[in-house]
Amino acid sequence: MQTTQRLKIAFVIDSYDGIKTGGVFSAQRFINALSKDHDITIVTTGKEDPSRLVLKGFYPPFAKGIMQKMGFVFAWPDTKKLTELFSKMDIVHVQFPWLLGIKSIKIAKKLGVPVVTGFHMQPENILLNIKMRSQFLSEQIYKFFVNSFFNKSDGVICPSDFASHELKTRGLKV
């Protein structure tokens, strides 16, 4: 019987505790499955735990109310802590294309650590949460996500063929 090597995986997700969104549910399922065969360190805000690197949370002033209502907080990327952790990892998985995710990709790539990203946040849903409908803004957000996040990673995990198609039609090269 052949055994597989346990990988050390940093799973980067701004908010992990207590919120009920598709991206967080997906992360929880993924982490539970991966934890059976690999060592996972969750990089997030929230509860202290030996299996986590907990970062300070923040809200942009213009979005604080709605973010608190949703139970979501952004994590402030601490370069020193992220560099120290990622230098010990075999792979970094980044769940969301926000400041923490973008900075995590830059740090991991500088260290030569492979990065995988997840596509769990469509621009249309972001805009609907702030009660806006704009094809133009949606396309601009997609462009930003593809250019600053997805195309900087080594691989993208899409939850469906539809999601994959959405990114590919907007310039995904990974």
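In what follows, the structure referred to is the one given above.
Residues numbered from 1 in each chain as written. Predicted model: local features only at pLDDT ≥ 70, side-chain atom pairs only at ≥ 80, totals over all residues. Heavy atoms only, no water.

> Looking at this model, I keep getting lost on the overall build of the chain. Mind explaining?
Regarding its fold elements, the chain presents seven helices and eight strands. Its C-alpha atoms give the chain a radius of gyration of 16 Å, within 12% of the compact-globule value 16 Å for 174 residues. A principal-axis box enclosing the C-alpha atoms of the chain has dimensions of 55 × 35 × 30 Å. Across the 174 residues of the chain, 44% fall into the buried class. (Helix = DSSP H or I, 4+ residues; strand = E, 2+ residues; numbered from the N terminus. Rg over C-alpha atoms; globule rule 2.2 N^0.38 Å. Buried < 20%, exposed > 50% of the residue type's maximum accessible area, 1.4 Å probe, protein only.)

> What is the right way to read the sheet that holds strand 6 (residues 91-94) from this model?
Through backbone hydrogen bonds, the strands of a sheet pair up, either in parallel or in antiparallel fashion. Pairing is parallel in the open sheet, where six strands are placed in the order 3-2-1-6-7-8. With partners counted over all chains shown, the strands left at the sheet margins are strand 3 (52-54) and strand 8 (155-157), one partner each. Here the average twist between neighbouring strands, direction ignored, is 20°. (Pairing = 2+ DSSP bridges. Axes fitted to C-alpha atoms, helices over the stretch in contact; angles between N-to-C directions.)

> What should I look at first to understand the nonpolar core in this one?
Nonpolar side chains in soluble globular proteins tend to end up buried together. Of all hydrophobic cores here, the largest spans 49 residues; its most connected members are Ile13, Val43, Leu82, Phe86, Val92 and Trp98. The element contributing the most residues to this core is helix 4 (residues 99-111), with five residues. Sequence-distant contacts of Ile13, defined by excluding residues within four places in its chain, comprise Gly23, Val24, Ala27, Ile42, Val43, Thr44, Thr45, Gln95, Phe96 and Leu100. (Core = buried A, V, L, I, M, F, W, Y, C linked by side-chain atoms within 4.5 Å. Contact = heavy atoms within 4.5 Å.)

> Any chance you could explain the packing of aromatic side chains here in plain terms?
To describe a pair of aromatic rings, one takes the distance between the centres and the angle between the planes. Under the counting rule described, the total for this entry stands at eleven aromatic pairs. Both rings, one in Phe58 and one in Trp76, keep their centres 5.3 Å apart while their planes meet at 80°; by these two values the pair is edge-to-face. You can see Phe58 sitting in strand 4 (residues 57-58) and its partner Trp76 sitting in the loop between strand 5 (74-75) and helix 3 (79-86), a full 18 residues away along the chain. Its relative accessible area of 24% is what places Phe58 among the partly exposed residues. On the numbers, 5.6 Å between centres and 85° between planes, the contact of Trp98 with Phe145 is edge-to-face. Note that Trp98 is positioned in the loop between strand 6 and helix 4 and Phe145 in helix 6 (residues 135-148), a separation of 47 residues in sequence. (Phe/Tyr/Trp six-rings, centres within 6.5 Å; stacked < 30°, edge-to-face > 60°.)

> Please clarify how the pattern of salt bridges should be interpreted in this entry.
When their charged atoms lie close together, side chains carrying opposite charge are able to pair. Counted under the stated rule, the structure contains six salt bridges. Between Asp39 and Arg6 there is a salt bridge whose closest N-O contact spans 3.0 Å. In this pair, Asp39 sits in strand 2 (residues 39-44) while Arg6 sits in the segment before strand 1 (8-12), placing the two residues 33 residues apart along the sequence. On the basis of relative accessibility, which here comes to 38%, the residue Asp39 falls in the partly exposed class. With a shortest N-O distance of 2.7 Å, Lys109 and Asp154 are connected by a salt bridge. (Salt bridge = Lys/Arg side-chain N within 4 Å of Asp/Glu carboxyl O.)

> Explanation requested: the side chain of His93 in the structure shown.
With respect to the secondary-structure elements, His93 resides in strand 6. Those residues in contact with His93, other than ones at most four positions away along the chain, are Ala10, Phe11, Val12, Phe30, Val116, Thr117, Gly118 and Ile157.

> Can you walk me through the pairing of strand 7 (residues 115-118) in this structure?
For a regular strand, side chains alternate in direction, first toward one face of the sheet and then toward the other. Going residue by residue along strand 7, you find Val115 and Thr117 tucked away on one face and Val116 and Gly118 tucked away on the opposite face as well. Bridging between strand 6 and strand 7 involves three bridges; their strand directions are parallel. Bridge pairing in strand 7 links His93 to Val116. Of the strand pairs in this sheet, strand 7 and strand 8 are connected by three bridges, and their pairing is parallel. Counted as the bridge partner of Thr117 is Val156 from strand 8.

> Which parts of the structure should I look at to understand a nonpolar patch on the surface?
Together, Met132, Phe136 and Leu137 make up an exposed nonpolar region whose accessible area comes to about 270 Å². In this fold, Leu137 is placed in helix 6. (Patch = residues over 30% accessible without salt bridge, like charges linked within 9 Å, V, L, I, M, F, W, Y side chains within 5 Å. Areas by Shrake-Rupley, 256 points an atom, 1.4 Å probe, with all protein chains shown as cover.)

> Explain the side chain of Ser15 to me, please; I cannot follow it from the model alone.
Structurally, Ser15 is set in the loop between strand 1 and helix 1 (22-35). There is a polar contact of 2.7 Å between the side chain of Ser15 and the backbone oxygen of Val73. Aside from chain neighbours lying at most four places away, what touches Ser15 is Val24, Thr44, Thr45, Gly71, Phe72, Val73 and Phe96. (Polar contact = N/O pair within 3.5 Å; in protein donor to acceptor, adjacent residues only side chain to side chain.)

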